[in-house]
Amino acid sequence: MNSVDIGTGLFITLEGGEGSGKTTQGEMLNRYLQDLGHPVVWTKEPGGTDIGQALRKVVMSNRHRDMVPETELLIYLADRTQHVKSKIIPAIAEGKIVISDRYHDSSVAYQHFARGVPMDTLDFLFQRLAGGLVPDITFVLDISPETAMKRIEKRSISDPGSLSKFEEEARSFHRKVRQGFLDISRKAPGRVKVIPADQAPDKIFGQILDILTPLLPPTTSGDTNS
Ligand code: TYD
């Protein structure tokens, strides 16, 4: 499946709009797989490395609302390149399971579908800079922009300064992001599985496990480092 042959581990990504519950599912999956005895690395984009944390502050800041889409893309790709080369590939090469909260499909949904950067630009930079590593399996937690906006609005009332520039975007922006993810799954149905995210977390998790379990490598008991 992968153009890059990097070892025996497994690369899982969680994708979706804001407020779709990716982090909750990542946490549950991390714990579940570790309990089974798998060595797991649970990570995220942007910000899965020290350098990525610094880039995350720049790209997410409300002070940078005037950032042009191409700059935004380049920052996410800088974060991804560092993340893939210094963390994801080494972990997979050691036979670990990597779970990433967001990866390249987010760039396709946000920077291409919602912001309008051409797809060939994304493809070129992803292949040339970030190595073009394709996840083994991707779960898109699908949520309607209406539900997402409600969750975001609720948080903005309880914690007014907490919203990122993306969360402040209009409903039309979130609609494009959602359509982007659905389009990605239509084009790569074997890899990208859409799970309705307006369900209880346990139900969502059960659906993820049904798909994931047959793909899991044999456990190496006792080795649970992350
Ligand atoms: P984050 O706080 O991680 O939010 P969430 O909990 O919704 O994942 O914020 C990441 C933000 O960055 C999110 O709004 C999506 C955006 N993003 C992109 O626009 N392009 C990308 O390539 C990535 C990885 C994220």
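Right above here is the structure, for reference.
These numbers were taken from a predicted model, which means no experiment stands behind them. (Residues numbered from 1 in each chain as written. Predicted model: local features only at pLDDT ≥ 70, side-chain atom pairs only at ≥ 80, totals over all residues. Heavy atoms only, no water.)

Describing the environment of D136
- Mapping D136 onto the fold places it in the loop between α5 (119–128) and β4 (137–142).
- Along the sequence, D136 and S172 sit 36 residues apart, while their C-alpha atoms lie 31 Å from each other.
- One polar contact links the side chain of D136 to the main-chain amide nitrogen of F11, over a distance of 2.7 Å. (Helix = DSSP H or I, 4+ residues; strand = E, 2+ residues; numbered from the N terminus. Polar contact = N/O pair within 3.5 Å; in protein donor to acceptor, adjacent residues only side chain to side chain.)

Digging into the side chain of E45
- Looking at the element boundaries, E45 is found in the loop between β2 (40–44) and α2 (50–60).
- Once residues within four sequence positions are removed from consideration, E45 is found in contact with D79, R80, H83, S100, D101, R102 and Y103. (Contact = heavy atoms within 4.5 Å.)

Comments concerning the packing of helix α4 (residues 104–114) against α5
- With their axes 10 Å apart at the nearest point, α4 and α5 run at an angle of 150° to one another. As summarised for this structure, α4 and α5 are arranged roughly antiparallel, according to the angle between their axes. Seen along the crossing, α4 lies across α5 with a hand that is right-handed. Here H104, S107, V108 and H112 of α4 come into contact with α5, specifically with M119, L122 and F126.
- Partitioning the contact of α4 with α5 into residue classes produces four nonpolar, three polar and no charged. (Axes fitted to C-alpha atoms, helices over the stretch in contact; angles between N-to-C directions. Parallel < 35°, antiparallel > 145°, perpendicular 65-115°, else oblique. Left-handed = near helix turned anticlockwise from the far one by under 90°. Nonpolar A, V, L, I, M, F, W, Y, C, P; charged D, E, K, R; others polar.)

A closer look at the layout of surface pockets
- Roughly 570 Å³ of internal volume is contained in the largest pocket.
- Among the secondary structure elements, those contributing two or more residues to the lining of the largest pocket are α1 (22–35), α2, α3 (69–93), α4 and α6 (145–158).
- Taken together, the residues that form the lining of the largest pocket break down as seven nonpolar, nine polar and eleven charged.
- Here the second largest pocket defines a volume of roughly 370 Å³.
- Around the second largest pocket, the lining comprises 20 residues; the ones closest to its centre are D105, V108, M119, I184 and R191. (1 Å grid on protein atoms, 1.4 Å probe; cavity = no way out; pocket = protein on both sides within 12 Å on 5 of 7 lines; lining within 4 Å. Points joined across faces, edges and corners; volume = space filled by probe spheres on them.)

A word on the packing of aromatic side chains
- Counting across every chain of the model gives five aromatic pairs.
- An angle of 80° between the planes, with centres 5.7 Å apart, marks the rings of Y32 and F205 as edge-to-face. Pair noted here: Y32 is in helix α1 and F205 is in helix α8 (residues 201–212), with a separation of 173 residues, a long-range link.
- Here the aromatic cluster, defined as three or more aromatic residues joined through ring pairs, consists of F11, Y103 and F126.
- It is R80 that lies over the ring of Y103; its NZ or CZ is 5.6 Å from the centre. (Phe/Tyr/Trp six-rings, centres within 6.5 Å; stacked < 30°, edge-to-face > 60°. Lys NZ or Arg CZ within 6 Å of the ring centre and 35° of its normal.)

Thoughts on the pairing of strand β3 (residues 97–101)
- Within β3, five of the five residues are buried, which leaves the element mostly enclosed by the surrounding structure.
- Side chains I97, I99 and D101 of β3 all project onto a buried face; the interleaved residues V98 and S100 project onto the opposite face, where all are buried too.
- Across five bridges, the pairing between β2 and β3 is parallel. Paired with V40 across the two strands is I97, which belongs to β3. (Buried < 20%, exposed > 50% of the residue type's maximum accessible area, 1.4 Å probe, protein only. Pairing = 2+ DSSP bridges.)

Some remarks on the pattern of salt bridges
- Within this structure, the stated rule accounts for ten salt bridges.
- In this structure, the salt-bridge partner of E146 is R171, at a minimum N-O distance of 3.8 Å. With E146 in helix α6 and R171 in helix α7 (residues 171–187), this pair connects stretches of sequence that are 25 residues apart.
- Across the pair R175 and E146 runs a salt bridge, and its minimum N-O distance is 3.1 Å. With R175 in helix α7 and E146 in helix α6, this residue pair connects regions lying 29 residues apart in the sequence.
- When its relative accessible area of 31% is taken as the criterion, E146 is described as partly exposed. (Salt bridge = Lys/Arg side-chain N within 4 Å of Asp/Glu carboxyl O.)

Topic: the environment of H174
- By secondary structure assignment, the location of H174 is in helix α7.
- When neighbours within four sequence positions are excluded, H174 is seen to be in contact with E18, P145, M149, F166, E167 and E169.

A short note on the site of the ligand
- Every one of the 14 residues lining the ligand counts as a neighbour, but K22, R56, Y76, R102 and S107 are closest to it.
- S107 has a polar side-chain atom sitting 2.6 Å from an oxygen atom of the ligand.
- Computed on the free molecule, the ligand has an accessible area of 540 Å², of which 88% lies beneath the protein chains in the complex.
- Contributions of two or more residues to the shell around the ligand are made by α2, α3 and α4.
- The element that contributes the greatest number of residues to the shell around the ligand is α4, accounting for four residues.
- When its residues are assigned to classes, the shell around the ligand shows five nonpolar, three polar and six charged. (Near = heavy atom within 4 Å. Areas by Shrake-Rupley, 256 points an atom, 1.4 Å probe, with all protein chains shown as cover.)

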